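What follows is the residue order along each chain.
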Amino acid sequence: MKEYQDLRLTVASSPHVKSPVGTRALMLDVLIALIPALGMGVYFFGPRALALTAVSVLGCELFEGLSRAVLKRPQSGGDLSAAVTGVLLAFVCPVGMPFWTILIGDFFAIVIVKQLFGGLGRNFLNPALAGRAFLALSYAASLTGWVKPGTKHWIEIGQTGADVVSSATPMADLQRGFLPWLGSSAATLRDMFYGNVGGCIGEVSALALLLGGAYLVFRGVIHPRVPLAYLGTVAAVSYLLPRGHEPVEWMLCQLLGGGLLLGAFFMATDYVTSPCTPLGGWFFGIGCGLLTLFLRAYGGSAEGVSYAILLMNLCAPVLEKFTQPRRFGGRTERKKTGKEGGAA
């Protein structure tokens, strides 16, 4: 009898099927997929890229633990979601950013955007991108100190943004209507593919990001519909509107430049802030692509990926509402006519 007395009845809503894949396993796969981009960032920008990423991860984990303790919620550090936010936030920042600045971004991303809205699964914006947007509004100078790759290959750990050699980025040339190899950055398509260009830590190497994205698709962590819609929209529109340049070259520069690949594979596919419905995912990706090109061409910043995804995050609930699939076996109600059961 005693074994029956120890049983506990758990009442919960469906579904009741358990999956061996949990949040920790998914986040671990994301961290593994980000390793190639981190490796290329360290190769081109030096060990400070690794140090800045480590500080960001530790800051996110610390702020998550403290905020959940203050809010009297169970600790969730083991799910690795804060670590992913820390890596992604570091990836969209220049290597010369001061450590204290990125910690402020960590605080905004974890405490304000994530925990104050209920924690993982309840935030309505991507925390890493929201943290970057906050830093761009509050500490714009820290996000414009681009480092020329190779010039300061072994940047000292204690170095700040004021000490690095600034360099033009391909996105700055594209915003002005120039191909990078004809502009101030002098970057070729080969440079943009491998990552030998100025930019943020995790955005520069298209090759590394494609490898990471392919890993996520292969592991089933993400569905390819959002990246395909996002990248396909950017490719199609930039090919049709090349701004006086050779269409294929202009299209490839738009695809390989800036944070497009990082955003398409690692941020626009966020489970919480993107639509759950298949059709909604396609519309979400198309919207991200159109907004990215519009902001790149007419925005105040050379890069439009962050704000494009954040704006579409706000549209995700609406897209879900109007793209719900029909229930299996269900049918749409017939429109009422003038006479019941017959034609009007």
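Definitions and cut-offs
- Residues numbered from 1 in each chain as written.
- Predicted model: local features only at pLDDT ≥ 70, side-chain atom pairs only at ≥ 80, totals over all residues.
- Heavy atoms only, no water.
- Helix = DSSP H or I, 4+ residues; strand = E, 2+ residues; numbered from the N terminus.
- Buried < 20%, exposed > 50% of the residue type's maximum accessible area, 1.4 Å probe, protein only.
- Contact = heavy atoms within 4.5 Å.
- Salt bridge = Lys/Arg side-chain N within 4 Å of Asp/Glu carboxyl O.
- Polar contact = N/O pair within 3.5 Å; in protein donor to acceptor, adjacent residues only side chain to side chain.
- Expected span 1.5 Å × (residues − 1).
- Arc of directions from axis to C-beta.
- Phe/Tyr/Trp six-rings, centres within 6.5 Å; stacked < 30°, edge-to-face > 60°.
- Axes fitted to C-alpha atoms, helices over the stretch in contact; angles between N-to-C directions.
- Left-handed = near helix turned anticlockwise from the far one by under 90°.
- Nonpolar A, V, L, I, M, F, W, Y, C, P; charged D, E, K, R; others polar.

A. Molecular detail of the side chain of Ser306. Turning to its location among the elements, Ser306 is positioned in helix H14 (residues 305–322). When its relative accessible area of 8% is taken as the criterion, Ser306 is described as buried. Residues in contact with Ser306, not counting those within four places in the same chain, are Leu129 and Arg132.

B. Representation of unusual backbone geometry in the model. Although it is not a glycine, Lys72 sits at a positive phi angle of roughly 60°. Within the secondary structure layout, Lys72 lies in the loop between helix H3 (47–70) and helix H4 (81–91). With relative accessibility at 77%, the residue Lys72 sits in the exposed group. The backbone of Ala186 sits at a positive phi, close to 55°, despite the residue not being glycine. The residue Ala186 is located in the loop between helix H7 (170–175) and helix H8 (189–194) in this model. Given the relative accessible area of 49%, Ala186 is considered partly exposed.

C. A look at the environment of Leu31. Here Leu31 is to be found in helix H2 (residues 23–45). Note: C-alpha distance between Leu31 and Ser81 (50 residues apart in sequence) is 9.7 Å.

D. Representation of the pattern of salt bridges. Taken as a whole, this structure holds 4 salt bridges when the rule is applied. The shortest N-O distance in the salt bridge between Asp29 and Arg219 comes to 3.2 Å. Of the two residues, Asp29 sits in helix H2 while Arg219 sits in helix H9 (residues 206–219), which places them 190 residues apart along the sequence. For Asp29, a relative accessible area of 7% puts it in the buried group. Relative accessible area serves as the criterion here: at 49%, Arg219 is assigned to the partly exposed category.

E. The environment of Thr269, seen in detail. Residue position: Thr269 is located in the loop between helix H12 (260–267) and helix H13 (278–298). If sequence neighbours within four positions are ignored, Thr269 has contacts with Ile222, Val226, Pro227, Ala264 and Ser274. There is a polar contact of 2.7 Å between the side chain of Thr269 and the backbone oxygen of Phe265.

F. View of H9. Helix length check: H9, at 14 residues, gives a terminal C-alpha distance of 20 Å against a target of 20 Å (1.5 Å per residue), a fit within 8%. Within the sequence span of H9, burial applies to Ala206, Ala208, Leu209, Gly212, Gly213 and Leu216. Down the axis of H9, the sector holding all buried residues measures 160°, keeping them to one side. The exposed residues of H9 that point more than 90 degrees off its buried face are Leu211 and Phe218. In this structure, the buried side of H9 is in contact with H2, H8, helix H11 (247–256) and H12. Within two residues after H9, Gly220 carries a phi angle of roughly 80°, on the positive side.

G. Seen up close, the environment of Thr144. Residue position: Thr144 is located in the loop between helix H6 (127–138) and H7. Overall, the relative accessible area of 51% leaves Thr144 in the exposed class. Placed 47 residues apart in sequence, Thr144 and Met97 show a C-alpha to C-alpha distance of 9.1 Å.

H. The packing of aromatic side chains, seen in detail. Counted according to the given criterion, the structure contains 7 aromatic pairs. Ring centres 4.9 Å apart and planes at 75° place the aromatic pair Phe117 and Phe124 in the edge-to-face group.

I. Just the packing of H13 against H14, in detail. Contact pair H13 / H14: the axes reach a minimum separation of 8 Å and the direction vectors enclose 150°. Regarding H13 and H14, the two cross each other, and that crossing is right-handed. Every residue of H14 that contacts H13 at Gly280, Phe283, Phe284, Gly287, Cys288, Leu291, Thr292, Leu295 and Arg296 is listed here: Val305, Tyr307, Ala308, Ile309, Leu311, Met312, Asn313 and Leu319. A per-class count over the contact of H13 with H14 returns 12 nonpolar, 4 polar and 1 charged.

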